[in-house]
Amino acid sequence: MENIQQRFGQRLKQLRNGIGISQESLAGLADLDRTYVADIEAGKRNVSILVAEKLAKALNTTISELFHEL
């Protein structure tokens, strides 16, 4: 069974791919390091609410949408 970090990472990747941008582009838009975004998508990072907000803004979505169906 996947943990919440893995499910969040998959959701982030799904949303990122849905708008057709790379991890590097998302990292730039969110003012995060590309390797950090890669680690989030791999389920290796415990994301703070501040990082979730940055990612949501970079994806032009809401924090609740990031956590949808986790």
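Residues numbered from 1 in each chain as written. Predicted model: local features only at pLDDT ≥ 70, side-chain atom pairs only at ≥ 80, totals over all residues. Heavy atoms only, no water.

## Structural notes on the packing of aromatic side chains
Moving on, step 1. Inspection of every chain in the model, using the stated rule, returns one aromatic pair.
Moving on, step 2. Where Phe8 meets Phe67, the ring centres are 5.0 Å apart and the plane angle is 40°; that geometry is what we call tilted. Here Phe8, found in helix H1 (residues 4–18), pairs with Phe67, found in the segment after helix H5 (63–66); they are 59 residues apart in sequence, far enough to count as distant.
Moving on, step 3. Residue class for Phe8 comes out buried when judged on its relative accessible area of 4%. (Phe/Tyr/Trp six-rings, centres within 6.5 Å; stacked < 30°, edge-to-face > 60°. Helix = DSSP H or I, 4+ residues; strand = E, 2+ residues; numbered from the N terminus. Buried < 20%, exposed > 50% of the residue type's maximum accessible area, 1.4 Å probe, protein only.)

## Structural notes on the nonpolar core
Burial of nonpolar side chains together is a common tendency in soluble globular proteins.
Moving on, step 1. Membership of the largest hydrophobic core comes to 18 residues, with the highest contact counts inside it found for Leu12, Leu26, Leu32, Ile40, Leu55, Leu59 and Leu66.
Moving on, step 2. The greatest single-element share of this core, amounting to five residues, is contributed by helix H4 (residues 49–58).
Moving on, step 3. Excluding its chain neighbours within four sequence positions, the residues that come into contact with Leu32 are Ala27, Val37, Val51, Lys54 and Leu55. (Core = buried A, V, L, I, M, F, W, Y, C linked by side-chain atoms within 4.5 Å. Contact = heavy atoms within 4.5 Å.)

## A word on the side chain of Glu41
Moving on, step 1. With respect to the helices and strands, Glu41 occurs in helix H3 (residues 34–41).
Moving on, step 2. In this structure the side chain of Glu41 is engaged in a polar contact, spanning 2.6 Å, whose partner is the side chain of Arg16.
Moving on, step 3. Residues contacting Glu41, with those up to four places away along its chain left out, are Gly9, Gln10, Leu12, Lys13, Arg16 and Gln23. (Polar contact = N/O pair within 3.5 Å; in protein donor to acceptor, adjacent residues only side chain to side chain.)

## Re the pattern of salt bridges
Moving on, step 1. Using the criterion set out here, one finds four salt bridges in the structure.
Moving on, step 2. Between Asp39 and Arg45 there is a salt bridge, with its nearest N and O atoms 3.4 Å apart. (Salt bridge = Lys/Arg side-chain N within 4 Å of Asp/Glu carboxyl O.)

## Details of the packing of helix H2 (residues 23–30) against H3
Moving on, step 1. The geometry of H2 relative to H3 is characterised by a closest axis approach of 8 Å and an angle of 115° between their N-to-C directions. Judged on the interaxial angle alone, H3 and H2 are roughly perpendicular. The way H2 lies across H3 gives a crossing that is right-handed. Packed against H2, whose contacting residues are Gln23, Glu24, Leu26 and Ala27, the element H3 presents Arg34, Val37, Ala38 and Glu41 at the interface.
Moving on, step 2. Broken down by class, the residue content of the contact of H2 with H3 amounts to four nonpolar, one polar and three charged. (Axes fitted to C-alpha atoms, helices over the stretch in contact; angles between N-to-C directions. Parallel < 35°, antiparallel > 145°, perpendicular 65-115°, else oblique. Left-handed = near helix turned anticlockwise from the far one by under 90°. Nonpolar A, V, L, I, M, F, W, Y, C, P; charged D, E, K, R; others polar.)

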